[in-house]
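Residue-level structural notes
Spelled out, the chains give:
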Amino acid sequence: MSVHVERVELAGIGIRHDIETDAGRRISVVTFREGGRELAVSDDEDPDRAAMTVSLADDEATALSEVLGGSLILTQIAQLREQVDGLSTEQIPVPADSPFAGRALGDTKARTRTRSSIVAIVRDAGVLPAPGPDDLLRAGDTLVAVGTREGLDALVRIIGGS
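Just so you know, these numbers come straight off a predicted model, no measurement behind them.

What follows is about the sheet that holds strand 5 (residues 50–56). The strand order across the open sheet formed by five strands is 1-2-3-4-5, and the pairing between neighbours is antiparallel. Sheet topology places strand 1 (5–10) and strand 5 at the edges, where each strand pairs with a single neighbour. Averaged over all adjacent pairs, the angle separating strand axes in this sheet is 20°, with direction ignored. Where strand 1 lies against strand 2 (residues 14–20), six bridges are found, and the strand directions are antiparallel.

Scanning the model with the defined rule gives eight salt bridges in all. For Arg149, the salt bridge identified is with Glu90, shortest N-O distance 2.6 Å. Residue Arg149 is found in helix 3 (residues 149–160), and its partner Glu90 is found in strand 6 (residues 88–93); the two are separated by 59 residues along the sequence. For Glu90, a relative accessible area of 24% puts it in the partly exposed group.

Definitions and limits used
- Residues numbered from 1 in each chain as written.
- Predicted model: local features only at pLDDT ≥ 70, side-chain atom pairs only at ≥ 80, totals over all residues.
- Heavy atoms only, no water.
- Pairing = 2+ DSSP bridges.
- Helix = DSSP H or I, 4+ residues; strand = E, 2+ residues; numbered from the N terminus.
- Axes fitted to C-alpha atoms, helices over the stretch in contact; angles between N-to-C directions.
- Salt bridge = Lys/Arg side-chain N within 4 Å of Asp/Glu carboxyl O.
- Buried < 20%, exposed > 50% of the residue type's maximum accessible area, 1.4 Å probe, protein only.

Everything listed here is a matter of coordinates, which is why it stays silent on function.
Written out as structure tokens, the structure reads:
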């Protein structure tokens with residue numbers, strides 16, 4: 001399914017992006033020229049009127065996009081797992097005594113050693129999708145990995161330090 005995003009220039013104000021949901025509600029994001037943004041949900045009776053608006057600071061907008069994007073990535077990975085024979089996903093906790101807690105993801109050499117890919121790091125209430133080799137792992141993180149069953153089992157052993 002394709003979702004249409006409409007972009008509207010608001011003279012002297014900024015830019016508004018609109019998405020219409022399957023239920024017929026409009027969700028708008030207004031990005032102001034002076035900075036900041038506002039999230040608006042249309043009124044049930046009048047789609048040109050906002051029933052609710054929420055102002056978002058830059059860090060709040062970033063956090064919201066990470067939560068939405070991260071949860072979408074996890075859903076897509078789960079769907080991929082169901083579609084591809086031989087492909088598995090695993091959520092791997094990073095224990096406090098892991099030799100990689102406090103070290104860069106690249107130090108694990110996960111892809112080279114196991115032919116598995118770490119596609120996200122779940123940390124606290126957020127998700128870091130598509131982490132790079134310089135991203136630091138922390139005790140308590142959960143790694144989302146994709147690979148063969150054998151490769152993922154090897155990665156669990158590596159992260160756990162055995």
